[in-house]
Amino acid sequence: MTRLTVLIGDDEPMIREALSEVLAAEPDLDVVAIACDAEESIALAVRHEPAVAILDMRMPGGGAHAAREIRNRSPRTKIMAFSAYGDARSVEEMGRAGVTEYVLKGVPNRDIVAAVRRVAAGAA
């Protein structure tokens, strides 16, 4: 079985921990890096070249900035937003930055896992 590598970028420690636990429990997902801001997310994406980077929209440094830089520096990494903000402006900004799926915090864990797999498959 091919394991999908995942980077998590979020400024909230509880979100990082919970998301990491949810994804690590899946037999095909491997969390290879966890970042607390945009710059760390970019650096870790370049270092690990994960299949999927999950980025918070409003983390320090900006999720859209991180998404653009990751797309430029780690072009094989696909990007998913994971945010508490579902307003049209935020969704559009992340879409312009290269995010292929926008998931709102609070959805069931199975929806998060399914979204990661869709993003990795390029079917978002």
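Placed above this text is the structure.
This is a predicted model, so every value here is computed, not measured.

Asker: Lay out the side chain of Ser-41 in plain terms, naming residues and giving numbers.
Answerer: Considering the arrangement of structural elements, one finds Ser-41 in helix α2 (residues 38-48). Beyond its immediate stretch of four places on either side in the chain, Ser-41 contacts Leu-7, Gly-9, Ala-35, Leu-55, Met-59 and Ile-70.

Asker: Tell me about the pairing of strand β5 (residues 99-104), residues and numbers included.
Answerer: The sheet contact formed by strand β4 (residues 78-83) and β5 spans five bridges and is parallel. When the bridges of β5 are listed, Ile-79 appears paired with Val-99. The parallel pair β4 and β5 is bridged by helix α4 (residues 88-96), and the resulting crossover is right-handed.

Asker: Lay out the nonpolar core with the relevant residues and their values.
Answerer: Of all hydrophobic cores here, the largest spans 21 residues; its most connected members are Leu-7, Leu-55, Ile-70, Ile-79 and Met-94. Elements that contribute at least two residues to this core include exactly β2 (29-35), α2, β3 (52-55), α3 (63-73), β4 and β5. Excluding residues that lie within four positions of it along the chain, Ile-70 makes contacts with Ser-41, Ile-42, Ala-45, Ala-53, Leu-55, Pro-75, Thr-77 and Ile-79. Leu-23, Val-31, Ile-54 and Ile-112 belong to the second-largest nonpolar core, a separate cluster that totals 18 residues.

Rules of the game
Residues numbered from 1 in each chain as written. Predicted model: local features only at pLDDT ≥ 70, side-chain atom pairs only at ≥ 80, totals over all residues. Heavy atoms only, no water. Helix = DSSP H or I, 4+ residues; strand = E, 2+ residues; numbered from the N terminus. Contact = heavy atoms within 4.5 Å. Pairing = 2+ DSSP bridges. Right-handed = clockwise from strand over helix to strand, strands pointing away. Core = buried A, V, L, I, M, F, W, Y, C linked by side-chain atoms within 4.5 Å. Buried < 20%, exposed > 50% of the residue type's maximum accessible area, 1.4 Å probe, protein only.

These figures come from the coordinates and say nothing about function on their own.
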